[in-house]
Amino acid sequence: MISARLAPWLGALGLGAGGGIILNSTKEQEGEHIVLAASVPSRQQQVAALSTSRPNQPFDLLVIGGGATGSGIAVDAATRGLSTALIEREDFGSGTSSRSTKLVHGGVRYLEKAVFNLDVGQLKLVYEALQERRDLLDNAPHLTSTLPILMPCYKWWEVPFYWAGLKAYDLIAGTRNLAWSRYLAPSESLRRLPTLAENSHDGRSLKGTIQYYDGQFNDARLNVALATTAAAAGAAVANYVEATGLVKDANGQVTGVHCRDKQSGRKFDVHAKVVVNATGPFVDQVRDLNGKGVKHAIVASSGAHVTLPEWYGAPGVGMIVPKTK
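Residues numbered from 1 in each chain as written. Predicted model: local features only at pLDDT ≥ 70, side-chain atom pairs only at ≥ 80, totals over all residues. Heavy atoms only, no water.

(A) Molecular detail of the overall build of the protein chain. The helix and strand tally for the protein chain stands at ten helices and eleven strands. In the protein chain, which comprises 325 residues, the share counted as buried stands at 42%. Summarising the internal contacts of the protein chain: among those between residues at least 6 apart in sequence, 69% fall at separations of at least 24. (Helix = DSSP H or I, 4+ residues; strand = E, 2+ residues; numbered from the N terminus. Buried < 20%, exposed > 50% of the residue type's maximum accessible area, 1.4 Å probe, protein only. Contact = heavy atoms within 4.5 Å.)

(B) Fine view of the pattern of salt bridges. Evaluation of the coordinates by the stated rule reveals 14 salt bridges. Across the pair E90 and K262 runs a salt bridge, and its minimum N-O distance is 2.9 Å. Taken together, the residues E90 in the loop between β2 (84–88) and β3 (103–104) and K262 in the loop between β9 (254–261) and β10 (267–277) connect sequence positions 172 residues apart. Under the relative-accessibility criterion, E90 is labelled partly exposed at 32%. Each of the salt bridges in this network shares a partner with another, and the network as a whole consists of R134, D135, D138 and R176. (Salt bridge = Lys/Arg side-chain N within 4 Å of Asp/Glu carboxyl O.)

(C) Spotlight on the packing of aromatic side chains. If you walk through the whole model with that rule in mind, you get six aromatic pairs. Pairing W157 with F161 gives two aromatic rings, centres 5.6 Å apart and planes at 65 degrees, and the pair type is edge-to-face. By relative accessible area, which is 44% here, W157 ends up partly exposed. Judged by relative accessible area, F161 falls into the partly exposed class, the value being 35%. For the pair W157 and Y162, a centre-to-centre distance of 6.5 Å together with 40 degrees between the ring planes defines the contact as tilted. In textbook terms, an aromatic cluster arises when at least three aromatic residues are bridged by ring pairs, as seen for F116, W157, F161 and Y162. Directly above the aromatic system of F282 lies the positively charged group of R89, at a separation of 4.9 Å from the ring centroid. (Phe/Tyr/Trp six-rings, centres within 6.5 Å; stacked < 30°, edge-to-face > 60°. Lys NZ or Arg CZ within 6 Å of the ring centre and 35° of its normal.)

(D) Spatial organisation of the pairing of strand β4 (residues 144–153). When you tally the buried positions in β4, you get eight out of ten residues, the bulk of the element. Note: β4 against strand β6 (residues 208–217), ten bridges, orientation antiparallel. Paired with C153 across the bridge in β6 is G208. Sheet analysis places β4 next to strand β11 (residues 318–319), joined by two bridges and oriented parallel. What sits directly across from I149, in β11, is G318. (Pairing = 2+ DSSP bridges.)

Written as structure tokens, this is what we have:
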């Protein structure tokens, strides 16, 4: 964790209680501390820093894409001492990184698959996700919260079944569990979530709910916090800088990117020993810069988030439907 001595600097950067993220670091395990800049350089300074690289003086790492993944890679690289550059053609978090479920969860459904399919891989996935959940809530308490979630039961057998499953969810989290799940009677369930149906579509009465806890976070602000943290750690970070082509050496190896500043129209090259394509669903657009005939690697998947009016639910309470069609 960043040294407590840096807390005033974090506040000045908006990286304390106001708007950023405090980082876990490998360096801390070695008895060292990450030192952040007293202020984040302006965008003009960041673009100037990007354009200073040369073929014989490249960045160690260039990341294309300033979403959650790209910004996270930049933070990791910069805090490990690598000279790092990050470019984003729009604004940070303007794509899929600001359109998540807003949940930090271990995956209740993954646990169900692990049990019924005897899938050790799914179990490991749940365990790792629950550990990461605790890390994120600890590292960014100003951007996260603990969310109670109700699982309604309309059949008597569902009460012990889901209770046992969510207790297992708690146990897998171990000492990093947020809070223990518990059974709520129908009256208490309706008090917590007044719009919860008292009867199911087939006429079965509500037998109660199992309340468990997961994390919730502000995805867009977390993305911006990661980008500013990378900049404070020394990375050259700029939005509205588009990759228009790839720089290659005599052997055809990618050694950088042709860039265009979308605000000024200025063109320049960024040279790097390693170039990371972290553009999410736009990965193949960047790969197409390598020339015609590049086989696309991304297969689109469909998903839908439905925004409901405020009266539909209750403040600070979520609900999960165990089975959907």
